[in-house]
Amino acid sequence: MTSLGVSVEDRQGVRHVVLDRPDKKNALTAAMYGVLADAVNSASADDVGALLLQARGDTFTAGNDLRDFLDQPPHGEDAPVFRFLTGIATTDVPIVAAVRGNAVGIGTTMLLHCDLVYASPSAKLKVPFVDLGLVPEAASSVLLPRRIGRARAGAALFLGETISADEAYANGIVTKIISDDALDAEAEAAARAIAAKPRQAVRETKRLITHDRDTVVAAIMREGTAFRARLASDEARAAMSAFFQRGARG
Ligand code: COA
C-alpha cells in the first residue's frame, strides 16, 4: 500500500518499504517518517523476517524535505523522524537496503543501521549537514568515524565530500556493488534468504550485533537536541532557503 510517499507491503516474510516520491527525489517529510517508523517498529511483532528498504526513481533519497524543515521542524524526541531512527537502531529484524543515485543526509546515515547494503555504481553518499548549518544525526557522529575512520569522516562531514559506491564498499558500508538493473532483485533475494532462515536465530544474532544500542540511541538523542537547536538558527534557515532559490543553485 502506498501512503504519503512510502509504500509498505509484506511478501514472503519480507516487508518491502519503498520510498516513493520520485518527483521530489524521495525527500522525506514528517508524514513519510511516520509511515517508515510504523513499518519498522511493528516488524518484529508482525513476525517479519527481514525489512527491505528501496526507492523508486534515480535517487535513493535527497534526505529530509527541506521545506518541511523550514515549515514544521521536529520539536521533540517523539517526532516521527526520531521514532524512525530509534526504530532502525533497535529493531531485531535485519534490514537490507538497495541504493542507487544520491543518498543525502539521512539517506546515508540510515545505511549505517542496515545489515546488508546493496549499491549500484551510481550511488553517492553525502552528509552535508554542516553546509546546511546543521549537525550529524542518526548516531552518525559516532558510527561514521567508527566505520570509515575519523579522517575520512572529517572530509565527508566538514567538507561535504561525496563517498562513492567504491569507497563505501571498501569501508564496509556497502555489502556489494550491483549493476543498476540487477540491484533490486539481488537485494530482494538477500532479504528473502534471511526471511527463510531460522527466525529466532536471526533475531538473536541481530540483537547481538546491535549490543551497543543504548550507546547508539543516546547518540541519536544527543545529536537530536543539537539538531533541533540548529534548525532554528539563522545559519540553517538561510542555507535551507537558499536551496529553493533555484537560480542560486545554478
Ligand atoms: N527537500 C525538498 N525538496 C527537494 C529536496 C529536499 N531535500 N531535494 C530535492 N527536492 C526537490 C527540488 O526542490 C525539486 O523540486 P521542483 O521540481 O518542484 O523544483 C525536485 O525535488 C528535484 O530536485 P532537483 O534539485 O531539481 O534534482 P537534481 O537531480 O538536480 O538534484 C539532488 C538532486 C538530490 C542533488 C538535489 O535535489 C539536492 O541537493 N537536494 C537537497 C539535498 C539536501 O540538502 N538534503 C538535506 C540533507 S539534511
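Residues numbered from 1 in each chain as written. Predicted model: local features only at pLDDT ≥ 70, side-chain atom pairs only at ≥ 80, totals over all residues. Heavy atoms only, no water.

Asker: When you look at the pairing of strand β2 (residues 6-11) in this model, what are you seeing that I'm missing?
Answerer: Where a strand is regular, its side chains alternate between the two sheet faces. Sheet topology note: the β2/strand β3 (residues 14-19) ladder contains six bridges and is antiparallel. If you follow Glu9 over to β3, its bridge partner there is His16. In sequence, β2 turns back onto β3 through a hairpin of two residues, with Gln12 there showing a positive phi of about 50 degrees. (Pairing = 2+ DSSP bridges. Helix = DSSP H or I, 4+ residues; strand = E, 2+ residues; numbered from the N terminus.)

Asker: Looking at this structure, how should I read unusual backbone geometry?
Answerer: Leave glycine aside and you will find that most residues have negative phi; peptide bonds, for their part, are mostly trans. Of note in the backbone geometry, Asn26 takes a positive phi value of approximately 60 degrees without being a glycine. When you line up the elements, Asn26 lands in the loop between β3 and α1 (30-41). Take Asn26: its relative accessible area is 0%, and that puts it in the buried class. The residue Asp47 is not glycine, and still its phi comes out positive at about 60 degrees. Inspection of the secondary structure assignment puts Asp47 in the loop between α1 and β4 (50-55). Residue Asp47 is classed as partly exposed on the basis of its relative accessible area, which comes to 46%. (Buried < 20%, exposed > 50% of the residue type's maximum accessible area, 1.4 Å probe, protein only.)

Asker: Hey, could you run me through the sheet that holds strand β9 (residues 163-164) in this one?
Answerer: Pairing between sheet strands relies on hydrogen bonds along the backbone, with the strands arranged either parallel or antiparallel. Spatial ordering of the open sheet is given by β6-β8-β9, a layout of three strands whose pairing is mixed. Two strands lie at the open edges of the sheet, namely β6 (102-104) and β9, each paired on one side alone. For β6 and strand β8 (residues 124-126), the ladder comprises three bridges, and the chain directions are parallel. Note on β8: the bridge partner recorded for Ala103 is Leu125.

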